[in-house]
Each structure stands twice: as C-alpha cells, then as structure tokens.
Amino acid sequence: MQLGLYSFVDHQADPSTGAKIEPQLRMQNLLEEIKLADEVGLDVFGIGEHHRPDYLVSSPATVLAAAATITKNIRLTSAVTVLSSDDPVRVFQDFATVDLISNGRAEIMVGRGSFIESFPLFGYNLDDYDELFSEKLELLLKIRDDNPVNWVGRHRASLHRQAVLPRPLQNPLPIWIAVGGTPASVIRAATLGLPVAIAIIGGSPRRFVPLVDMYRDAAVKAGHDLNKLQISINSHGLIGDDSADIADKTYPYYADVMGRIGRERGWPPYSRRQYNMQIQPEGADFIGDPNQMIDKILWEHELFGNTRFLVQFSMGAIPHGMVMRAIELYGTKVAPAVRAALGGGNARL
C-alpha cells in the first residue's frame, strides 16, 4: 500500500494570535514539507486546487513542477484538479510537463471540488455542474489515450485531428477520480476502470464500506480486473510524539477551520466533544502518536483493502514545525511498520 500526504496549502491566521504568515514563506514551507516527505520515503504528495483567500494554491501543476526539481522518488499529484471549471487540454499539457520534469512521477486527481468559487471565476454556470464534469472527463481521457484527438462536445470547442502536446513520459498518465461519498461518482470511476480516491473527513469510516463494495461490483460488471483496481482513502490528521499533547495542540486549528466552513454551510458549531469522537480509534481523523496512526491505518485497510492512504497534516494554521515533525514520524516510524504488517500486499485485492 502506498502511503502519502496531501495539502490544501491553507493560508489562514493563527486563531490564538491572529497572525498570518506571508504567502512566499507559506510556499517555501510547503516545498520543504514535500522535500522531507520524499527524503523519509513516503510514496505520494498531493496538492489541492482552490480559488479562495484561505488557501494559497490555485494551480497545483505549478507547485508540483517546482517540487519535481527538489525530489527524487515521491509521486506528485493534484488533490484535486477542479476539472469542471478547467480546460482538459490545458490540464493534460500541464501535467504532462510535470511528468517530464519529474521523470515520470506525475498524476492527476480530478474532481468537482468542495467549493464553487471557480465556476463564476471562469464563466461557468452551476446549473451545468454534472454535465461539465462528465464532458470534460471524457475529453481528458480522450486526450490521454489518443493523439491526435477527435472530439465533439457542448461546453468546449470541438477538436478535429488536433495534436495535444507535450506527451508525458508515462503511458498512460495516471488519472484518478476523487469522490466525497456520491454513489454515482463511484460507479462512474468503476465503469471507466479508473482509480478512485475517497475522502473520509467525518463520521464513521465504516459507513464508506458499501461505497467501496459498490465500486468493486460496478468495475467487475464493466469487465475490469479487480486485481488492477486502485483505491485511495484520504483523511485529515497529525502525528506527534505524545498522543494527548498532539490532540490538545491540534484542536484549536481544527475548530477554527471546521467552524468557519461550518458557518458557510449551515453546520452545527464544531465542539471538542465532536473532535474527540473523530480522533478515537474508529473515528475519521488520524490524530495521535505513531502507534495510534499505525493501528488506524491497518484497521481501515482491513475495512477497505485500499491500495493507497493519504493524510492531510497542514490543517488551517498548524505551525510548520509541527507539520515537519509529523512528516518525519510518518516516514520513519509509521510507514515502515505499516509496510511490514502488510508485507507489501493488499488483503482484499
């Protein structure tokens, strides 16, 4: 099982001081985090796309290209690319370029995104939300698999024997579909034979088991080989040397982020009780010491048989030093123990 990280590159004020670091320092911190993840032997690093003042990166491929020049082995992916409001031609060109710079380590994780700011920004109508994603995913896959490209759609100019360049080193360039729990999205990924990334950021992970089973069942019905399917579980977390200490230090940042997003979406106020439930052994968040992290990763693997696990450490304004220590512990303590326990295999695949 591959073990890695993803970041939305939060750029928010510290809830205790009101201070907010400069954008250029936040970006340098991010590159240090990616470099360390590579050095300690983690497998994947993903960068999310957002178009809001509380997140710094609107162009993941740009950051991943920079990361490619300071890393050697780690795979570099978006997490996610908001395909509905982007141009599939440009997305493919950007990630093919990252693939060449990184010597074949690029991936694209596409999704509809958890926010909607990109739709008015790039002139798209939210009434076309579903159709935009379906059509643009079709074109992205067509570009990946054919060159030159012939394609006709409704939301973008048609292509007639048009070359899309450059071509990546990897053939095919990996394309994942990220989902948040919608059955239709899981079935789409399965039918196309694409790897799926499932975000579990709240509630009980057990409730996602039927979704994973649905993915496998739909893939088999579509004629795909179960042994070749890839499933990633993506969650929030942070590792520290002491479980109680890291839980206490992390809570204010979680409460700040979840409280702000909750107010936007009409959720109930985020409480310490809710937080404590989420960091329990069968909760969604991976916050604790290395042994707790190991146990929870292995427990989820028993549930899902996933081939990849990604965790987001940089939640809100969590200090860079805490994130760096978490990455160090993840790579030197957690990852070796998980790999040894799994023996390089996957129980349900």
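Quick caveat, the model's predicted, so the values are computed rather than measured.

## Details of the overall build of the chain
The secondary structure content of the chain amounts to 11 helices and 12 strands. Taking 2.2 N^0.38 as the reference for a compact globule, 349 residues should give roughly 20 Å; the C-alpha atoms of the chain span a radius of gyration of 20 Å, in line with that estimate. Each of the three principal axes of the chain carries a C-alpha extent, and together these read 60 × 45 × 40 Å. By sequence separation, contacts in the chain at least 24 residues apart represent 72% of the contacts at least 6 residues apart. Accessible surface, the chain: about 14,700 Å² in total, of which carbon and sulfur atoms supply 53%. Mean positive and mean negative side-chain charge positions of the chain (34 and 40 charges, respectively) differ by 3 Å.

## Details of the confidence of the model for the chain
Predicted confidence across the chain gives a mean pLDDT of 96, with 98% of residues reaching 70 or more. Contacts of residues 345-349 to residues separated by more than four positions or lying in other chains number 18 contacts, the stretch itself having pLDDT below 50.

## A closer look at the packing of helix H1 (residues 23-39) against helix H2 (residues 60-68)
Packing of H1 against H2 brings their axes to within 10 Å, and their N-to-C directions diverge by 55 degrees. Judged by the inter-axis angle, H1 sits oblique to H2. Like other packed secondary-structure pairs, H1 and H2 cross with a definite hand, here right-handed. Mapping the contact onto sequence places Met-27, Leu-30, Leu-31 and Ile-34 in H1 and Val-63, Ala-66 and Ala-67 in H2. Looking at the contact of H1 with H2, its residues break down into 7 nonpolar, no polar and no charged.

## Description of the environment of Thr-81
By the secondary structure assignment, Thr-81 is in strand E4 (residues 81-82). Taking C-alpha positions, Thr-81 is 13 Å from Gln-93, a pair spaced 12 residues apart along the chain. Not counting residues up to four positions away in its chain, the partners in contact with Thr-81 are Glu-49, Asp-86, Val-91, Phe-95, Ile-108, Met-109, Val-110 and Gly-111.

## Focus on unusual backbone geometry
A cis amide bond links Ala-79 to the next residue, Val-80, at an omega of 15 degrees. Mapped onto the elements, Val-80 comes out in the loop between strand E3 (75-78) and E4. With omega at 10 degrees, the peptide bond leading from Asn-171 into Pro-172 counts as cis. Here Pro-172 shows up in the loop between strand E7 (159-162) and strand E8 (175-179). If you check the backbone angles, Arg-161 has positive phi at about 50 degrees while not being a glycine. Its place among the elements puts Arg-161 in strand E7. On the accessibility criterion, Arg-161 (59% relative accessible area) is exposed.

## A few points about the nonpolar core
Within the largest apolar cluster, 113 residues are counted, with the highest numbers of intra-cluster contacts made by Ile-198, Met-293, Ile-297, Phe-309, Phe-313 and Tyr-330. Top element by residues in this core is helix H11 (residues 320-342). It accounts for 9 residues.

Calculation rules
Residues numbered from 1 in each chain as written. Predicted model: local features only at pLDDT ≥ 70, side-chain atom pairs only at ≥ 80, totals over all residues. Heavy atoms only, no water. Helix = DSSP H or I, 4+ residues; strand = E, 2+ residues; numbered from the N terminus. Rg over C-alpha atoms; globule rule 2.2 N^0.38 Å. Contact = heavy atoms within 4.5 Å. Areas by Shrake-Rupley, 256 points an atom, 1.4 Å probe, with all protein chains shown as cover. Lys, Arg positive; Asp, Glu negative; His and termini not counted. Charge placed at Lys NZ, Arg CZ, Asp CG, Glu CD. pLDDT = per-residue confidence, 0-100. Axes fitted to C-alpha atoms, helices over the stretch in contact; angles between N-to-C directions. Parallel < 35°, antiparallel > 145°, perpendicular 65-115°, else oblique. Left-handed = near helix turned anticlockwise from the far one by under 90°. Nonpolar A, V, L, I, M, F, W, Y, C, P; charged D, E, K, R; others polar. Buried < 20%, exposed > 50% of the residue type's maximum accessible area, 1.4 Å probe, protein only. Core = buried A, V, L, I, M, F, W, Y, C linked by side-chain atoms within 4.5 Å.

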